[in-house]
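# Summary of the model geometry
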Amino acid sequence: MSQVLSLWQKSTSLPVVGPLVGKRAFSFAFSQMAPYFATIRPRFVEIRPDYAELVIPKRRGVHNHLKTVHAIALCNGLEAAMGALAEATIPSDKRWIPKGMDVAYTAKATSDITCIAETDPAQWTSGDPDLPVRVRGVRDDGTVVIEGVIKLWVTPKS
């Protein structure tokens, strides 16, 4: 089991602090692993193999000139979700690196945004090093505000 998945499971199942505080602690720790993620203050909701979900709180620090969540903050949230998914899913004999992102902005991000990353189990065991991760960001009312694919390069560890 990966360190990220193990930390998620431990932090969300601690009886002393409860799952809500555990999720917040995990979110903070994850943001310290890649400090740029801290700029969006992600709140992880769920992490499991082939799936990760987090929330970007709508606040002044991530606003654009329209007072909606900035496009790059959305991309940052999608990449954080993808990174958690990749760490929770990748076989121990492989490594990954992002190599591109294709997204479409489909609506204004006028609320907190839930960022979701998903893959299929077979993608991680195929011999193809190109691995597309499906990503989307959703407003509180269910409207998709951003969707696309983050392309990973997955290779055997040397």
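Above: the structure in question.
Cut-offs applied
- By convention here, each chain's residues receive numbers from 1 onward along its written sequence.
- Given that the model is predicted, a residue must reach a pLDDT of at least 70 before its local features are reported, and side-chain atom pairs must reach 80 or more before they are shown or counted; all residues, however, enter totals for whole chains, interfaces and linings.
- Hydrogen atoms and water are omitted, and side-chain values are computed over all heavy atoms in the structure.
- Within this document, salt bridges are pairs made up of a side-chain nitrogen of Lys or Arg and a carboxyl oxygen of Asp or Glu, the two lying within 4 Å of each other.
- Relative accessibility decides the category of a residue: with a 1.4 Å probe and only protein chains considered, values under 20% of the type maximum give buried, values over 50% give exposed, and everything between is partly exposed.
- A strand pair is defined by DSSP finding two or more bridges across the two strands.
- Helix and strand labels come from DSSP, where a helix needs a run of H or I of at least four residues and a strand needs a run of E of at least two; each type is numbered from the N terminus.
- Axis lines are fitted through C-alpha atoms, for helices just across the contact stretch, and the angle between N-to-C directions can take any value from 0 to 180 degrees.
- Between N or O atoms, a polar contact is any pair within 3.5 Å; within protein, one atom must be a potential hydrogen donor and the other a potential acceptor, and residues adjacent in sequence are included only when both atoms are from side chains.
- The contact rule is simple, with two residues in contact once any of their heavy atoms fall within 4.5 Å.

Taken as a whole and assessed by the stated rule, the structure comprises 7 salt bridges. Here Arg 48 ties to Glu 46 by a salt bridge, and the two come within 2.2 Å at their closest N and O atoms. Look at Arg 48 and you get partly exposed, because its relative accessible area is 37%. On the basis of relative accessible area, Glu 46 is assigned to the partly exposed category, the value being 29%. Residues Arg 136 and Glu 118 are paired through a salt bridge, measuring 2.8 Å at the closest nitrogen-oxygen approach.

Reading across the sheet, the 6 strands line up as β1-β2-β4-β5-β6-β3 and stay open at both edges, with antiparallel pairing between neighbours. In the strand order of this sheet, the two ends are held by β1 (43-48) and β3 (94-105), each with one partner. Between one strand and the next, the sheet's axes are offset by a mean angle of 15 degrees, whatever the strand orientation.

Position of Gln 123 among the secondary structure elements: in helix α4 (residues 121-125). The exposure class of Gln 123 is buried, given its relative accessible area of 17%. A polar contact of 2.6 Å, which involves the side chain of Gln 123, links it to the backbone nitrogen of Asp 120. A polar side-chain atom of Gln 123 sits 2.8 Å from the main-chain carbonyl oxygen of Pro 132. Leave out the neighbours within four places in its chain, and Gln 123 touches Leu 131, Pro 132 and Arg 134.

Residues Val 4, Leu 5, Ser 6, Trp 8 and Ser 11 constitute the buried set of helix α1 (residues 3-11). For α1, the elements touching its buried residues are α2 (18-33), β1 and α3 (71-89).

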